[in-house]
Amino acid sequence: MGHENIIHLIYRRLPNRLLERDDELIADLGDVIIARSEFKGMLAPLRVNGVEVIKNGYRMLYFAFIGENYDVLKVYDREGNFKGLYIDVLAYTRREGDTLEMLDLFLDIFVFPGGEAFLLDEDELEMALNYGVIDKETFDFAYRVAREILEKLKRGEFPPEIVWEYDWRD
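Residues numbered from 1 in each chain as written. Predicted model: local features only at pLDDT ≥ 70, side-chain atom pairs only at ≥ 80, totals over all residues. Heavy atoms only, no water.

K.L.:
Looking at this structure, how should I read the overall build of the chain?
P.N.:
Within the chain, the regular secondary structure consists of three helices and 10 strands. Taken from N to C terminus, the helices and strands of the chain fall in the order β-β-β-β-β-β-β-β-β-β-α-α-α. Relative to a compact globule of 170 residues, whose C-alpha radius of gyration would be 15 Å, the chain shows 15 Å and is just as compact. C-alpha extents for the chain along the principal axes are approximately 45 × 35 × 35 Å. Counting every position in the chain, which comprises 170 residues, the buried fraction comes to 45%. Of all intrachain contacts in the chain linking residues separated by at least 6 positions in sequence, the fraction that spans at least 24 positions is 48%. Surface summary for the chain: the accessible area is close to 9,100 Å², and the carbon and sulfur share equals 48%. Taking the average place of the 21 positive charges on the side chains of the chain and the average place of its 35 negative ones, the gap between the two points comes to 3 Å. (Helix = DSSP H or I, 4+ residues; strand = E, 2+ residues; numbered from the N terminus. Rg over C-alpha atoms; globule rule 2.2 N^0.38 Å. Buried < 20%, exposed > 50% of the residue type's maximum accessible area, 1.4 Å probe, protein only. Contact = heavy atoms within 4.5 Å. Areas by Shrake-Rupley, 256 points an atom, 1.4 Å probe, with all protein chains shown as cover. Lys, Arg positive; Asp, Glu negative; His and termini not counted. Charge placed at Lys NZ, Arg CZ, Asp CG, Glu CD.)

K.L.:
Quick question: what am I supposed to make of the pattern of salt bridges here?
P.N.:
Once their charged atoms are close, side chains differing in charge can pair, the charge on each being opposite to the other. For the coordinates displayed, the defined rule picks out 11 salt bridges. For R12, the salt bridge is made with E101, and the minimal N-O distance between the two is 2.8 Å. On the criterion of sequence distance, the pair formed by R12 in strand β1 (residues 6-13) and E101 in strand β9 (residues 99-111) is long-range, its members being 89 residues apart. The exposure class of R12 is partly exposed, given its relative accessible area of 32%. (Salt bridge = Lys/Arg side-chain N within 4 Å of Asp/Glu carboxyl O.)

K.L.:
Can you help me understand the nonpolar core in this one?
P.N.:
Generally speaking, a soluble globular protein has its nonpolar side chains buried in company with each other. Counting 33 residues, the largest nonpolar core has F63 and V72 as its most contacted members. Other than its neighbours up to four places away in sequence, V72 contacts L61, Y62, F63, F65, L85, Y86, I87, F158, P159 and V163. (Core = buried A, V, L, I, M, F, W, Y, C linked by side-chain atoms within 4.5 Å.)

K.L.:
It is not clear to me how the packing of helix α1 (residues 122-130) against helix α2 (residues 136-154) should be interpreted in this structure. Could you clarify?
P.N.:
A pair of packed helices can be characterised by two numbers: the angle between their axes and the separation between those axes. Relative to each other, α1 and α2 sit at 165 degrees, their axes nearing to 9 Å. By the angle between their directions, the pair α1 and α2 is classed as roughly antiparallel. As α1 runs across α2, the sense of the crossing is left-handed. Taken together, the residues of α2 that come into contact with α1 (itself represented by E122, L125, E126 and L129) are K136, F139, A142 and Y143. Each residue belonging to the contact of α1 with α2 can be placed in one class, and the counts come to five nonpolar, no polar and three charged. (Axes fitted to C-alpha atoms, helices over the stretch in contact; angles between N-to-C directions. Parallel < 35°, antiparallel > 145°, perpendicular 65-115°, else oblique. Left-handed = near helix turned anticlockwise from the far one by under 90°. Nonpolar A, V, L, I, M, F, W, Y, C, P; charged D, E, K, R; others polar.)

Keep in mind these numbers describe shape, not what the thing actually does.
Pasting the structure below:
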């Protein structure tokens, strides 16, 4: 696999968690990067509303939007069935060459294929505030971004069109 097919991801989480990985680049549209990866190293499956939606070995097609405060992961099980959208609320999404850098703001949203959306990890955000990991301004910002996305989902204005134009199997 040539270097041109790889995107390097740096995913930060306060206070000092850092995830780095190389993913398979599917499309580089300048301000949107689409890559493929697999869920690994999860301690437990993610359950939303009593349903197991993500576990180790599941696949993702992820969409990074440069300059935006979210990313979108299209989640597929091992058989390639679409399980839903996983959205991270981010402080920023930056790009330098083949490297993407994101700072996670704890809150996440999961959207089932039928459109039902759930806000996740509010307790983690709350704890980050209580322990002084983030300030009140960042806390409020994370909620503002999440609420905006939930509103747009209701109106059918989210996710960006491009998310539906690519599939794991493409």
